[in-house]
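Observations on chain architecture
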Amino acid sequence: MMSGVKWRVSLLFVLITVSIFFSLLASSDRFVEFRGNETYAQTGDGVLREDLIANLTSRLEAGNHETRLNAASELGKFGETAANSLIEKIESDTSSSGKINSYMLLAFLETGDDRAENILFENFEKIQASSEAANEITAEVKAENGISADILRAIEEKDKATRRNLAISLDRDYNDETNTLEAALRAEEQNSSIYDSFALSEFEPDEPGSETEKLIKALRSDSGSIRIAALMALGERREAAAIDSMTPILTRDYSPVQSSAAFALGEIGDERAVEVLVKQMKDGDSDSIRSNAAIALGKIGKETAVPDLIQRLRDNRAVVRSSAALSLGRIGNETAVEPLMEVLKNGKLVEGRARDSVNANEDVRKSAILALGEIGGPGVTEALADILTDKEEKLSVRMAAAAALGNTGDPQAMEVLKNVFDDSSEDLNLRNQAFLALGKTENQEVAELLVAKLGDSEFGASGREALIELGEVAVDPLIENLKTTDRKIRDETALILIEIGDPKAIKPLIEAYQ
């Protein structure tokens, strides 16, 4: 009996031994060796390690923010092997955006490679050059228009609505004949070549004349869709030679073509169109035409149009009042301040009613608020602060007031914004807007506040965006923040410093990752 038990135990031992042997044999070509901060995943030919590095690098380019940060951290564990791959990628600059990928530079820092100083210095020079070029363009736009991104976005929303309405009109009037043109009108990114090709389809390929000449000739087409396409094409091209052919269309055509003409004249921006646009803003047959004419006058920026735009603040349609307000803000003439303040005053709800129901319209109030933020002047900060802190106002209107206060640059406005941001009882979206508005001022104290919120789940993303926008003002507080013991916040901080690209951050960055 005992010998039988021993036999079974011996057999079981042999089977376990054989199983372990084959298991080790199967995995003998793959092992992981940890050395310092490097992790090596190896095969006989190193393919697995290269695949892992390639996979993590692809996440740096295509993942969301969290994925990219994690990928940078993981790449750091591969040390010199990853560093070599990253250098090749950085130097070839193959990122889809066509600029140095800041996440790759962060990953390179994570590797602790000795070449970090040279690599950062070379690429910070590129980042600085790119930033300076962008700042010059922004400064030129600011000098030319004196306007903020907030009001530009609001005007672009008006433009999108115009294009969308044109597409709806074409769909109604032409069924399936204008699908290409409708798609172009609805597109976020405008492409004049689509308008060109649609309008030029009116002509034989061998017909004489330049494209511009043919597009101007297409304005006389019997087809309304061709005329619309030609107007949009000439507007996108900023073709001043078409002004004399466009202005008559604005006063005699069917409504969608007139709207297209107003839109195109605004895009071209030639002062010769002001008189006819003012006339159509007053007397246009539809609110769409009057609204587009008002926006076009704002784009042209001729101050002689200001009294007529102020008059349209009393138009019977909200869309026209809203467009007139935005254009007054874009032009920036101080004579518009009192009329815009009157819009806000008469549209304020008291016991559920306003003196002027059109001025109570959300879009009208937001546009008047943004316009006042652009123009500024006595009493503006106080009026905007009252709206921001008035919990009876609609949330979107209060958020517009926060954005507008940020554009004033008034120290008093900064205090109001801080108070709203610090009030935990306020709506989170409003607090976030106040936080972003604070970031518009080049103020060291504000920069420190933004840095302190980098690890905040609610405001970290906004803080990051605002700090990059602040640029040099934010560098010293960010360098100080590299001393944090929180790895994630350190990585966030380093990434922002990389995106700013200030050379004085290079040594602190290297020290933080040694």
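A few points on the structure. On a predicted model such as this, the values are computed, not experimentally measured, just so you know.

**What to know about the overall build of the protein**
Looking only at helices and strands, one finds 28 helices and two strands in the protein. Per-residue burial over the protein gives 49% buried out of 514 residues. Within the protein, residue pairs in contact and separated by at least 24 positions form 62% of the contacts whose partners lie at least 6 positions apart. Accessible surface, the protein as shown: approximately 25,700 Å² in total, 49% of it carbon and sulfur.

**Quick word on the pattern of salt bridges**
Taken as a whole and assessed by the stated rule, the structure comprises 40 salt bridges. Arg237 serves as the salt-bridge partner of Asp196, at 3.1 Å between the closest nitrogen and oxygen. Taken together, the residues Asp196 in helix H9 (residues 192-200) and Arg237 in the loop between helix H11 (224-236) and helix H12 (243-251) connect sequence positions 41 residues apart. Exposure remark for Asp196: the relative accessible area of 9% places this residue in the buried category. What makes Arg237 partly exposed here is its relative accessible area of 26%. Its salt-bridge partner being Glu480, residue Lys483 comes within 3.3 Å of it at the nearest N-O pair. Residue class for Glu480 comes out partly exposed when judged on its relative accessible area of 49%. Among the charged side chains, a network of salt bridges with common partners joins Asp159, Arg238, Glu267 and Lys299.

**What about the side chain of Ser327?**
Along the chain, Ser327 turns up in helix H17 (residues 318-331). Looking at Ser327, its side chain comes within polar contact range of the main-chain nitrogen of Gly298, at 3.4 Å. Aside from chain neighbours lying at most four places away, what touches Ser327 is Ala294, Ile295, Gly298 and Leu309.

**Observations regarding the nonpolar core**
The biggest cluster of nonpolar side chains holds 143 residues, and the ones touching the most others in it are Leu277 and Leu340. Element by element, the count of residues in this core is highest for H11, at eight residues. When neighbours within four sequence positions are excluded, Leu277 is seen to be in contact with Leu250, Ala262, Leu265, Ala293, Ala296, Leu297 and Ile300.

**What about the packing of aromatic side chains?**
For any pair of aromatic rings, the description consists of the separation of the ring centres together with the inter-plane angle of the planes. Counted by the stated rule, this structure contains three aromatic pairs. The interplanar angle of 75° and the centroid separation of 4.8 Å between the aromatic rings of Phe421 and Phe459 together place this pair among those described as edge-to-face. Residue Phe421 is located in helix H22 (residues 411-422), and its partner Phe459 is located in the loop between helix H24 (444-452) and helix H25 (460-470); the two are separated by 38 residues in the primary sequence. Joined through ring pairs, the aromatic side chains of Phe421, Phe435 and Phe459 make up one cluster. Over the ring of Phe263 we find Lys299; its NZ or CZ atom is 4.8 Å from the centre of that ring.

**Some thoughts on the packing of helix H3 (residues 65-76) against helix H27 (residues 487-500)**
Where H3 meets H27, the closest approach of the two axes is 11 Å, and the angle between their N-to-C directions is 100°. Here H27 runs roughly perpendicular to H3, going by the angle between their axes. Across the interface between the two elements, His65, Glu66, Leu69 and Ser73 from H3 touch Arg487, Lys488, Asp491, Glu492 and Leu495 from H27. Of the residues contributing to the contact of H3 with H27, the split by class is two nonpolar, two polar and five charged.

**Notes on the environment of Ile295**
Looking at the element boundaries, Ile295 is found in helix H15 (residues 287-300). Overall, Ile295 belongs to the buried group, its relative accessible area being 5%. Each C-alpha atom, one on Ile295 and one on Leu277, is 9.7 Å from the other, the two residues being 18 residues apart in sequence. Excluding residues that lie within four positions of it along the chain, Ile295 makes contacts with Ile155, Lys158, Asp159, Ser323 and Ser327.

**Some details on a negative patch on the surface**
A cluster of acidic residues, Glu88, Glu91, Glu122 and Glu125, forms a negative patch at the surface. Put simply, the parts of the chain that give the negative patch at least two residues each are helix H4 (79-92) and helix H6 (116-145). Note on placement: Glu122 falls in helix H6.

**Observations regarding helix H8 (residues 179-186)**
Every buried residue belonging to H8 is among Leu181, Glu182, Ala184 and Leu185, and all of these are buried. Each buried residue of H8 lies within a common arc of 160° when the element is viewed along its axis, so the set occupies one face. Where H8 is buried, its residues touch helix H7 (149-174), H9 and H11.

**What to know about unusual backbone geometry**
With the exception of glycine, most residues fall at negative phi, and the peptide bonds are largely trans. Residue Asn175 is not a glycine yet carries a positive backbone phi of 55°. Judged by its relative accessible area of 53%, Asn175 falls in the exposed class. In this structure, Glu351 is a non-glycine residue whose phi angle is positive, near 55°. Position of Glu351 among the secondary structure elements: in the loop between helix H18 (337-347) and helix H19 (362-375).

**Overview of the environment of Lys126**
Within the secondary structure, Lys126 is located in helix H6. Take Lys126: its relative accessible area is 45%, and that puts it in the partly exposed class.

Quick notes on the rules
- Residues numbered from 1 in each chain as written.
- Predicted model: local features only at pLDDT ≥ 70, side-chain atom pairs only at ≥ 80, totals over all residues.
- Heavy atoms only, no water.
- Helix = DSSP H or I, 4+ residues; strand = E, 2+ residues; numbered from the N terminus.
- Buried < 20%, exposed > 50% of the residue type's maximum accessible area, 1.4 Å probe, protein only.
- Contact = heavy atoms within 4.5 Å.
- Areas by Shrake-Rupley, 256 points an atom, 1.4 Å probe, with all protein chains shown as cover.
- Salt bridge = Lys/Arg side-chain N within 4 Å of Asp/Glu carboxyl O.
- Polar contact = N/O pair within 3.5 Å; in protein donor to acceptor, adjacent residues only side chain to side chain.
- Core = buried A, V, L, I, M, F, W, Y, C linked by side-chain atoms within 4.5 Å.
- Phe/Tyr/Trp six-rings, centres within 6.5 Å; stacked < 30°, edge-to-face > 60°.
- Lys NZ or Arg CZ within 6 Å of the ring centre and 35° of its normal.
- Axes fitted to C-alpha atoms, helices over the stretch in contact; angles between N-to-C directions.
- Parallel < 35°, antiparallel > 145°, perpendicular 65-115°, else oblique.
- Nonpolar A, V, L, I, M, F, W, Y, C, P; charged D, E, K, R; others polar.
- Patch = residues over 30% accessible without salt bridge, like charges linked within 9 Å, V, L, I, M, F, W, Y side chains within 5 Å.
- Lys, Arg positive; Asp, Glu negative; His and termini not counted.
- Charge placed at Lys NZ, Arg CZ, Asp CG, Glu CD.
- Arc of directions from axis to C-beta.

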